[in-house]
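# Summary of the model geometry
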Amino acid sequence: MKTVESKRPTREIKVVRRVLAVNERMAEQNRRRFAEKGVFVINVMSSPGSGKTTTLQKTLERLMPGVKAAVIVGDVATTHDADRLAVTGAPVVQVNTDAFGGDCHLAAHVIEKAADDIDLDAIELLIVENVGNLVCPAEFDIGEDARVVVLSVTEGEDKPVKYPTMFRTCDAAILNKIDLLPHLDYDKDQAVAYIRQVNPAMPVFEISARTGAGMDAWIGWLKGKVSSKLKAQS
Amino acid sequence: MGIALQIIEIATASIPPDMRAARVERVNLKIGKLSAVVPDSLRFCFDIVSKDTLLAGAALAIEETPVVARCKECDARWSITEPVFTCKACNSGALEILSGRELDIVSIEIAEEGGHENSGE
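Predicted model only: the values in this text are computed from it and were never measured.

Right, let's talk about the pairing of strand β1 (residues 24-32) of chain B for a bit. Residue and element names in this part refer to chain B. Of all nine residues in β1, eight are buried, a share of seventy percent or more. In this sheet, strand β2 (residues 59-65) lies alongside β1 in parallel orientation, the contact comprising seven bridges. Bridge pairing in β2 places V27 opposite L60. With helix α2 (residues 39-49) bridging β1 and the parallel β2, this β-α-β connection has right-handed handedness.

In structure tokens:
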């Protein structure tokens, strides 16, 4: 279909609406629902292959059973990630976005539906593993309390400046696979400097999900967030 | 893709009932440079998902708005053109983003009757 520059008279109709207004309303509704239950929600985002699922698997192993957690996993297709996370004993709800048009992100209405399959009274932490993508998920509020971006030292150091919107909207960054640093030319200081350049106040957790290095600081941060939400509720 | 669908939904709902047979020529959008939307990708998605809708064939006119920041420490204001989010004047990292995150549908333009219409209605 070709678009031809038309000189025919047209009538302009004012609309002036936020394109994502519907999603934003639904996200607020989710946020209220989670707040009532005292559930802290994190939205975990990354590019594909950063080790997000392994990071979450190791995170759950360290949190549970002290912190009662559940997971919503978004993927375009397959249940591989959900299967890996279910091993930890946490309730896992898989969302395949191909049912929603193969979307590259999770939207608020998808989370609303998925949350119906979770006993919110029985948990304190809901982890949402978003679809691996550093672009679109940044634009979709799902009703989360905090956003975390995972990147790994096998990617380019300049990811933060290539995807500034993602790094601006996140509350913490995890730099994963640091056990591989001796084998790579990756300039970790440069990567952290790029993160700080885009989001100066953001905490950066340098970890290896595989070896467990650096996990304590990340777990400490997350536990602090969960308990402050519980306190806010009571 | 989700964004293109939302644009179609909002634009369709904005067409006055008496103009449903008319052609939507153009959708005017305001998109901030700090939004996660890449105009060319959005156009590509829009062309695909607008087929068989009242928006089929409509052009997306995208006005990109600059990223304007204000420093919370020294009140300096400037346009951010590179991914550096520290104050140019005092180097503080406490910024307020005044614009650049927009993702708004401003208006739609509908062809007036009496053009080269070959509508069966």
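Next up on the list: the nonpolar core. Counting residues in each nonpolar core, the largest one holds 97 residues, and the members touching the most others are A69(A), V71(A), L126(A), V128(A) and I7(B). With residues up to four places along the chain from it excluded, the contact list for I7(B) reads V19(A), V27(B), F46(B) and I105(B).

This part takes up the sheet that holds strand β4 (residues 92-96) of chain A. Residues and elements named next belong to chain A. As summarised here, the arrangement of the seven strands in space is β4-β3-β5-β2-β6-β7-β8, forming an open sheet in which the pairing is parallel. Looking along the sheet, the strands with just one partner apiece sit at the ends: β4 and β8 (204-206). The sheet shows a mean angle of 20° between the axes of neighbouring strands, taken without regard to direction. By the bridge criterion, five bridges tie strand β2 (residues 40-46) to strand β5 (residues 125-129) in an arrangement that is parallel. Considered in β5, the bridge of V41 is made with L126. Against the sheet, helix α8 (residues 215-233) makes contact with β2, β5, β6 (146-152), β7 (172-176) and β8, and its axis sits at roughly 145° relative to β2, the strand it touches most.

Cut-offs used in this document
Residues numbered from 1 in each chain as written. Chains lettered and ligands numbered in written order. Predicted model: local features only at pLDDT ≥ 70, side-chain atom pairs only at ≥ 80, totals over all residues. Buried ≥ 20, exposed ≤ 12 C-beta atoms within 10 Å, placed from the backbone. Helix = DSSP H or I, 4+ residues; strand = E, 2+ residues; numbered from the N terminus. Pairing = 2+ DSSP bridges. Right-handed = clockwise from strand over helix to strand, strands pointing away. Core = buried A, V, L, I, M, F, W, Y, C linked by C-beta atoms within 7 Å. Contact = placed C-beta atoms within 7 Å. Axes fitted to C-alpha atoms, helices over the stretch in contact; angles between N-to-C directions.

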